[in-house]
Amino acid sequence: MNKVIGIGNALVDALAIMQDDALLEQLALPKGSMQLINRDKFYRIRDVASAYTTHRSPGGSASNMIRALATLGHSSGFIGKVGVDEAGEFYQSALHQKGIQSFLIKSDLPTGIASAFISPDGERTFATYLGAGATLQAEEIAESVYKGYDYFFVEGYLVQDHALIESALRTAKEQGLKVCLDLASYNIVEEDLPFFQHLVQNYVDIVFANESEAKAFTGKSPYKAIEEMAKICEIVVIKIGKRGSLIGRGEEIIPIKAVDVPAQKVEDTTGAGDFYAAGFLHGLLQNVPLDICGSMGSLLSAKVIQYIGADLPGDEWQTVKCSLNTLIDKYK
């Protein structure tokens, strides 16, 4: 079975559940966005959020995807950077509990914290203090780390460090890995569009994006965006919320229905896109058709938004695995 390694910001998610969106206005955080913050704002947010019910979990887009994929039985690895602190130990332990091979470089800075504010409709807004994660350097990643892996998954939040990400992608391609890039957030794409375009054109095989990220990348609506993006990489996935998703390969566009989740069951959309990617890759690694891959992604995405944090309870994972196996059996 193919092996997947990811690289991303090693963050601990601190999730605060809100009764309304007033706090977002107070902290000047656009709803649904991911804002990078400095240490001073992090301390201010931490003080304000202490009045709310909170939940802590390992986070970071690539890590969420890798942990889900490992739970589905795939050999996986993760590259990141953490502090020499309790949060770093918590993070590393979470990876090891999933059987993930961790390549965590240590830093004197604190482990990064992603403060996530969950609105009543389940939408999440991140204020992220990268801490140690922001200091990961290309020269700290040995070429041997990539050996034995077949796919390399990259979160778009790292793209702001051009030297790091281009070196990592180049090395992965030289060693024969397929490169997957998640565009991460519309504002990140807008701020660094020429470099994102350069990476996709020269290194990336599979792109994951949501509707707003695809528009930021192309300036176009989903169908037009996927037509354009499919010309420059092998596979493109655009998630379009309750309308499902689109998968593009060459001139082929495959619409995928979303799995319906009643509004009252949506607890937290954190990790929805990451779990979609995990489900999609779970199918791709088993050589099932793209429509089945998309259905697997939709299933996992629908499941994770019914729980707080980017993970599922153990009994729910068993139900998910049975459902995924049923999809595979129908194909075979």
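The structure displayed is predicted, hence computed values, not measured ones.

For the rest of this paragraph, the subject is the pairing of strand E14 (residues 252–256). Note that strand E13 (residues 245–249) and E14 share five bridges and pair antiparallel. What sits directly across from Leu246, in E14, is Pro255. Counted along the chain from E13 to the antiparallel partner E14, the turn is two residues long, and its residue Gly250 has a positive phi close to 60°.

Mapping Ile17 onto the fold places it in strand E2 (residues 11–17). Residue class for Ile17 comes out partly exposed when judged on its relative accessible area of 32%. For the pair Ile17 and Ser119, spaced 102 residues apart in the sequence, the C-alpha separation amounts to 6.8 Å.

This part covers the pattern of salt bridges. Throughout the structure, instances matching the rule amount to 11 salt bridges. Lys178 is paired through a salt bridge with Glu234; the nearest N and O atoms lie 2.6 Å apart. Of the two residues, Lys178 sits in strand E10 (residues 178–182) while Glu234 sits in the loop between helix H9 (222–229) and strand E12 (235–239), which places them 56 residues apart along the sequence. Exposure remark for Lys178: the relative accessible area of 30% places this residue in the partly exposed category. Accessibility expressed as a relative area gives 36% for Glu234, which makes it partly exposed. For the salt bridge of Arg249 with Glu252, the shortest nitrogen-to-oxygen distance reads 3.9 Å.

Within soluble globular proteins, side chains that are nonpolar tend to cluster in buried spots. Residues Phe117 and Phe280 are the most contacted members of the largest nonpolar core, which totals 68 residues. Leaving out residues up to four positions away in the same chain, Phe280 has contacts with Phe208, Ile235, Val237, Ile247, Leu290, Cys293, Gly294 and Gly297.

Attention now goes to the side chain of Ser107. Here Ser107 shows up in strand E6 (residues 101–107). The exposure class assigned to Ser107 is buried, which follows from its relative accessible area of 9%. There is a polar contact of 3.0 Å between the side chain of Ser107 and the backbone nitrogen of Leu109.

Cut-off values and rules
Per chain, the residues get numbers from 1 upward, laid out in the order the sequence is written. This being a predicted model, a pLDDT of at least 70 is required before a residue's local features are given, and a value of 80 or more before pairs of side-chain atoms are given or counted; all residues contribute to the totals for chains, interfaces and linings. Think of the side-chain values as coming from all heavy atoms in the structure, minus any hydrogens and water. Being paired, for any two strands, means DSSP has found at least two bridges between them. Helix and strand assignments come from DSSP, with helices taken as H or I runs of at least 4 residues and strands as E runs of at least 2, each series counted from the N terminus. For the exposure calls, accessible area comes from a 1.4 Å probe over protein chains only, and a residue counts as buried if that area is under 20% of its type's maximum, exposed if over 50%, partly exposed in between. By definition, a salt bridge exists where a carboxyl oxygen of Asp or Glu is found within 4 Å of a side-chain nitrogen of Lys or Arg. Buried residues of nine kinds, namely Ala, Val, Leu, Ile, Met, Phe, Trp, Tyr and Cys, make up a nonpolar core once their side-chain atoms join them within 4.5 Å. Note on contacts: a residue pair qualifies if any of its non-hydrogen atoms lie within 4.5 Å across the two residues. Residues adjacent in sequence count toward polar contacts only when both atoms are side-chain atoms; beyond that, a polar contact is any pair of N or O atoms within 3.5 Å, and within protein one must be able to donate a hydrogen and the other to accept it.

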